[in-house]
Amino acid sequence: MSPGSLPPAFVVGTGRCGSTLLTRILSMHPDILSLSELMIFATDLGGRIAETFPEGDVDAAGLWQILGRPHPRQTLMLRQDVMMAEALYRPGPGRRFDRNSGIPAIAATTLPALTDDPDTLFDHVAAIVKELPPAPIGAQYTALFDRLRDDAGARMWVERSGGTLRIVRRLREHFRDARFVHIVRDGRDTALSMSRHYGFRLALAAAQITEILGVDPYESTDRRWEGDLPDSLIPYLPERFDAEAFRRDETPLPLCGHYWAGELCAGLEELRDLSPERLLTLRYEDLLEDPRAVLERFFRFLLGHANGIDLDRCAALIHRPQSDWRKLPGPVAAELSRACRPGFDALAAFAGEVR
Amino acid sequence: MAIHLVTGATGFVGGALVLELLDRTNDEIIGLTRPAGGDANARLMASLRTAAEAYGRAPEDLPLHRVRAVAGDVTLPECGVDGALRAHVLWHAAASLRYEDRYADEIRSTNVDGTRQALALARRAGVEVVNQISTAYVSGSRQGRIHEEHYDDAGAQNHYERSKVAAEDLVRNASGMLARILRPSIVVGHSRTLGATTFTGLYGFTRQFLQYRGVLERVQAGMYATRRMRLRVSADAPIDFIAVDAVAAQAVAIGLSDAPSGVYHLTQGEGCPAVGDSIRIVAKELGFAEPEFAAPDEPLDWLDEQLDKRLDFYGSYVRGHRIFDRSRAESALGNRPELRRPLPPVGELAAWYIRRLEDERRQMPVVR
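Computed from a predicted structure; not experimentally measured.

1. Observations regarding the interface of chain B and chain A
Then, in step 1: Residue-level contacts link 25 residues of chain B with 31 residues of chain A.
Then, in step 2: Looking at the side of chain B that touches chain A, the elements with two or more residues in it are helix H5 (202-219) and helix H9 (302-310) of chain B.
Then, in step 3: In terms of residue count, H5 of chain B provides more of the side of chain B that touches chain A than any other element does, seven residues in total.
Then, in step 4: The class makeup of the residues in the side of chain B that touches chain A is nine nonpolar, four polar and twelve charged.

2. Description of the sheet that holds strand S2 (residues 32-36) of chain A
All names here are of chain A.
Then, in step 1: Reading across from one edge, S2-S5-S1-S6-S7 is the order of the five strands in this open sheet, with parallel pairing throughout. Of all the strands in the sheet, the pair left with one neighbour each is S2 and strand S7 (279-283). When strand polarity is set aside, the average angle formed by the axes of neighbouring strands in this sheet is 20°.
Then, in step 2: Pairing between S2 and strand S5 (residues 156-160): five bridges, direction parallel. What sits directly across from Leu 33, in S5, is Trp 157.
Then, in step 3: Relative to the sheet, helix H16 (residues 291-303) contacts strand S1 (9-12), S2, S5, strand S6 (179-184) and S7, its axis offset from that of S7 by approximately 165°.

3. Quick notes on the domain arrangement of chain A
Residue and element names in this part refer to chain A.
Then, in step 1: One can read the domain layout of chain A as domain 1 (9-190 + 254-315) and domain 2 (201-249).
Then, in step 2: A straight line from the C-alpha centre of domain 1 to that of domain 2 covers 27 Å.
Then, in step 3: With twelve residues of domain 1 at the contact, the number on the domain 2 side is twelve residues.
Then, in step 4: When residues of the side of domain 1 that touches domain 2 are traced back to their parent elements, those giving at least two are helix H5 (72-79) and helix H14 (253-271).
Then, in step 5: The element contributing the most residues to the side of domain 1 that touches domain 2 is H5, with four residues.
Then, in step 6: For the side of domain 1 that touches domain 2, the class distribution of residues is seven nonpolar, three polar and two charged.

What counts, and where the lines are drawn
- Residues numbered from 1 in each chain as written.
- Chains lettered and ligands numbered in written order.
- Predicted model: local features only at pLDDT ≥ 70, side-chain atom pairs only at ≥ 80, totals over all residues.
- Contact = placed C-beta atoms within 7 Å.
- Helix = DSSP H or I, 4+ residues; strand = E, 2+ residues; numbered from the N terminus.
- Nonpolar A, V, L, I, M, F, W, Y, C, P; charged D, E, K, R; others polar.
- Pairing = 2+ DSSP bridges.
- Axes fitted to C-alpha atoms, helices over the stretch in contact; angles between N-to-C directions.
- Domains from an automatic or database assignment.

Right under this line is the structure:
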């Protein structure tokens, strides 16, 4: 670690829980290099988790395969014009990547969030990666991110991707000194937001199709069990992708509720033994109620102080979201609440233990 | 020496029929086979060898010199077979076992038009006897004692059942031919080896459970092992499974006899398990918490609704109480106990298939 630098951190959560907002705020602090949405695009919305964390030593080419190449789910979304709003790279005149080429994982959001010229930064990253000797994947990511941190004149890097509670075990395993900020939002509001989000729509449909076909439909052309797919999932197959149907569809709320609960239960289990120095839990609702106080805790946890940033300016970015589960019809809200219950129970138990 | 023309000879029941015909006759067998982009004869031989192996027999011992393929497709006029063809008996086993709405045209094309074209080819070939493999579940939603008689499609619960009723109508009305309609129940693997070559019925049901388990695991780890799912089924009703070798043995015995035209149930009858017990066993093999059973009109929560929808095709198997009468089949078969085969335990059949599926699924992306 360079002199004066601090251990890295990951902001983890279920996705649709307010973590994007934290990234925007993080990027305003001069001591922090904010790496946004790297893991979610590297894992191709959760379809390439094992490939993102390969075992053994990984050479430069292997690392570049993960970061510097487009992945199929994102490419499909890009080509079908249903890319999620978080993807910041905008193909167009003078830009290197387009619908035909696909956009590499690191160029989708991470680099455009750092610079107005992501193609040049992409080349810079490629040059750094090329020089890396073979090493375990965590060391490779760390070497790259540390270098980018130093280039930016920051003291630490913080990676934040939607839905990284799913890979928190791997993050702990590969980033031994990393700290974690877990942001939690009421599962019912989270589920409501997930049900309307293109990324979750594709990821949750992909999970179902994968289990029915026995292969990842975006990586394999094996359709032996296509007859088992319900009609509702057919428009999600890459070869029959129907962008209009995709846009019209809404992921069932109970499915999102069960998913939220599952992420909480499994994620909290992975975070359970972290010391308070390594884990900070933030509630999104607290952030809405008292943003200044929550942000102060946030920066104190990361940097040891909350200096160097105008917290009032940060707080001004925070707005109450429009979606509210309380406005759902009674039976729908009740079913959603039932689906989320294991997550709430796990949170309550976790809070009790921490206390 | 007779010539048997078999459609669907690369399928589960059709393949077993060919092996049984080889055993019971010295006749010539012609398998109408889709080339599927390759050589029809090679495809037929490969599928028969696979079937023989699945049923514990050495493929090299089969008298395959008495079998040949004719390239064709039941969805084409006269099955797309050009030139002269001579046969005495048609065994019509080709069928689509799909069920989703999006396959409605394919199901009708294969099962109804396919039967029409198979009969047209048979007529041209001089066939005098038609033995059609249908299904006991043309009875659809009817309950109680199901007789070996004509049923209309009033009880049909899906495109498949409707198509099989229409196909039976075509066979029954085929003029100038002796027409037997053979109705197996849910065909499962070999009575001794458990082997099967295609996977519908109990296997499709088991596969749907395995897929559902996987989806649950991706959504919420461990949920399937702790949450008791509720299923709308008639738990106490019997579910009729019959081993593929029993179907083939009984079908060929009836087909080679002087049994008259009409319907014959190829069902197991006695010794069949209850629906609830069968589902409990499959669920246990997959590690699910013990399921609960709900009445047909009982509301389910969202998760249980999803499984309920996926099992809809199996509604005729698991909802309603029905016993298949076998009077005509018994009369045609006479007192030949060797034609009845023991039904392997459902748990062993399911476990055999689950192992196979899990082997196939080793390369799936990890959940976390």
